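Commentary on secondary and tertiary structure
As a plain string of letters, each chain reads:
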Amino acid sequence: MKVAFVLTITIVAAEVVGAVVSGSLTLAADAGHAFTDTAAIGLALAATWVAGRPASMKRTFGFERAEVLAAAANALLLWAVAAWIGWAAIGRFIDGFGGEPVEVAAGWVLLVGGIGLLVNIAAAFLLRGSSAHSLNVEAAFRHVLADLMVSVAVMVSAAAILIFGWWWVDPAISVLIAALIVLSSWKLAASVFEVLIDGVPRDVDLEALCADMERVPGVTVMHDIHVWAVTSGYVSMSAHVLTDPDHDADHNEVLGELRRIAKDRHGISHVTLQLEMSEDACTEDHHLDRQRT
């Protein structure tokens, strides 16, 4: 991420200069998006450091969710950039069709767009390996992927202006860039939303988890089940386990087998289980009662 951070700063500097010299909205849009890449990776680096701080009596999970908050900030930043690009493109269309199109130095746009493409390919390669294991890195990776697509669009825009003199391609490609930014960040935003509302992670099959646990000798039914992601790769579970009072299984052995199933088969990091001999002994308001559903 540190190397990718330096690369994206280079893109921002080059494209800001290129946008000023060429007058291209597409290049300015790409510079704006490249800046969000830099911010995204910077937030990712900061959040990784914060998340590594130890837990305390006031924050029993530590700062593990810092990376999720950083990912949420990144998604919102992407949408803000997309809105600005769309607004600026509308202004260019109004001016252009009113007889005063903005002149664009397409040669500069093509050169800077090519540099941006090469740098984004390098940054995407660096981030790809870790993006599957962290929402934080995934946020940065998606920023870079979106900017890679933007660099291609910038070059197409420049070529169309150079070859055909089509001024309207510049704002049109800018609108396409805005749409690509929104689409590329949608999955990230949805993942962040699921974590923040403590939804069941998409790679955890809750019914299969409960079914596996209920096959353990001595277990009657699982209820009051909660499964949520604290952060990427750290899934927690709590549940009540109704056991058969007539079964002679040792409770410690039952607990050990249930924890092994949760961790080894279903990838749950933190497991909290409450064994009960009778349903009448549990007076809590169950969030999810599978016995009745």
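All of the points below concern the structure found in this document.

Conventions and cut-offs
Residues numbered from 1 in each chain as written. Predicted model: local features only at pLDDT ≥ 70, side-chain atom pairs only at ≥ 80, totals over all residues. Heavy atoms only, no water. Helix = DSSP H or I, 4+ residues; strand = E, 2+ residues; numbered from the N terminus. Buried < 20%, exposed > 50% of the residue type's maximum accessible area, 1.4 Å probe, protein only. Contact = heavy atoms within 4.5 Å. Areas by Shrake-Rupley, 256 points an atom, 1.4 Å probe, with all protein chains shown as cover. 1 Å grid on protein atoms, 1.4 Å probe; cavity = no way out; pocket = protein on both sides within 12 Å on 5 of 7 lines; lining within 4 Å. Points joined across faces, edges and corners; volume = space filled by probe spheres on them. Nonpolar A, V, L, I, M, F, W, Y, C, P; charged D, E, K, R; others polar. Pairing = 2+ DSSP bridges. Axes fitted to C-alpha atoms, helices over the stretch in contact; angles between N-to-C directions. Polar contact = N/O pair within 3.5 Å; in protein donor to acceptor, adjacent residues only side chain to side chain. Right-handed = clockwise from strand over helix to strand, strands pointing away. Phe/Tyr/Trp six-rings, centres within 6.5 Å; stacked < 30°, edge-to-face > 60°.

1. Here's the deal with the overall build of the protein chain
Helices and strands together make up the secondary structure of the protein chain, namely eight helices and three strands. Taken from the N to the C terminus, the helices and strands of the protein chain come in the order α-α-α-α-α-α-α-β-β-α-β. The buried share among the 293 residues of the protein chain stands at 46%. Considering only contacts in the protein chain between residues 6 or more positions apart, those separated by 24 or more positions represent 74%. Carbon and sulfur atoms provide 64% of the accessible area of the protein chain, an area that totals close to 14800 Å².

2. With respect to the environment of I161
With respect to the helices and strands, I161 occurs in helix α5 (residues 135-164). Given the relative accessible area of 15%, I161 is considered buried. Between the alpha carbons of I161 and V109 there is a distance of 10.0 Å; along the sequence they are 52 residues apart. Setting aside residues no more than four positions away along its own chain, I161 makes contact with V104, A106, W166 and D170.

3. So, empty space enclosed by the protein
Tallied over the full model, the rule gives one cavity of 30 Å³ or more. The computed volume of the largest cavity comes to approximately 40 Å³. Lining the largest cavity are R92, P101, V102, W167, D170 and P171. A per-class count over the lining of the largest cavity returns four nonpolar, no polar and two charged.

4. Quick look at the sheet that holds strand β3 (residues 270-276)
Pairing between the strands of a sheet is mediated by backbone hydrogen bonds and can be parallel or antiparallel. The mixed open sheet is built from three strands, whose spatial order is β1-β2-β3. Either end of the sheet is taken by a strand with one partner, and the two such strands are β1 (219-231) and β3. The sheet shows a mean angle of 10° between the axes of neighbouring strands, direction not considered. Both β1 and strand β2 (residues 234-243) contribute to a ladder of nine bridges, which runs antiparallel. When the sheet's bridge partners are listed, W228 is paired in β2 with S236.

5. Observations regarding the side chain of S22
Residue placement: S22 occurs in helix α1 (residues 2-22). You can call S22 buried: its relative accessible area is 3%. At 2.7 Å, the side chain of S22 and the backbone oxygen of G18 are in polar contact. With residues near it in sequence (within four places) discarded, S22 still touches L27, E103, V104, A105, W108 and V109.

6. Brief notes about the pairing of β3
Two elements, β2 and β3, share seven bridges in a ladder whose sense is parallel. Each residue of the ladder has a partner; that of S238, found in β3, is T272. Once the chain exits β2 it traverses helix α8 (residues 251-265) before rejoining the sheet at β3, and the crossover so formed is right-handed.

7. Some details on the environment of A83
In this structure, A83 sits in helix α3 (residues 66-97). Along the sequence, A83 and I181 sit 98 residues apart, while their C-alpha atoms lie 9.9 Å from each other.

8. Here's the deal with unusual backbone geometry
If you check the backbone angles, D198 has positive phi at about 60° while not being a glycine. Tracing the chain through its elements places D198 in the loop between α6 (169-196) and α7 (206-214). With a phi close to 50°, D224 is a non-glycine residue in the positive phi region. Mapped onto the elements of the fold, D224 is located in strand β1. For D224, a relative accessible area of 7% corresponds to the buried category.

9. A word on the side chain of S151
With respect to the helices, strands and loops of the structure, S151 is situated in helix α5. With residues up to four places along the chain from it excluded, the contact list for S151 reads D30, G113, G116, L117 and N120.

10. Re the pairing of β2
Of all 10 residues making up β2, eight are buried, and the element is well covered by its neighbours. In this antiparallel pair of consecutive strands, β1 and β2, the connection spans two residues, and G233 shows a positive phi of 75°.

11. Remarks on the packing of aromatic side chains
Within the structure shown, the criterion is met by three aromatic pairs. Pairing F164 with W166 gives two aromatic rings, centres 4.4 Å apart and planes at 15°, and the pair type is stacked. Of the residues examined, W166 reaches a relative accessible area of 37% and is grouped as partly exposed. Taken together, the ring pairs connect F164, W166 and W168 into an aromatic cluster.

That's the geometry; what it means functionally is another story.
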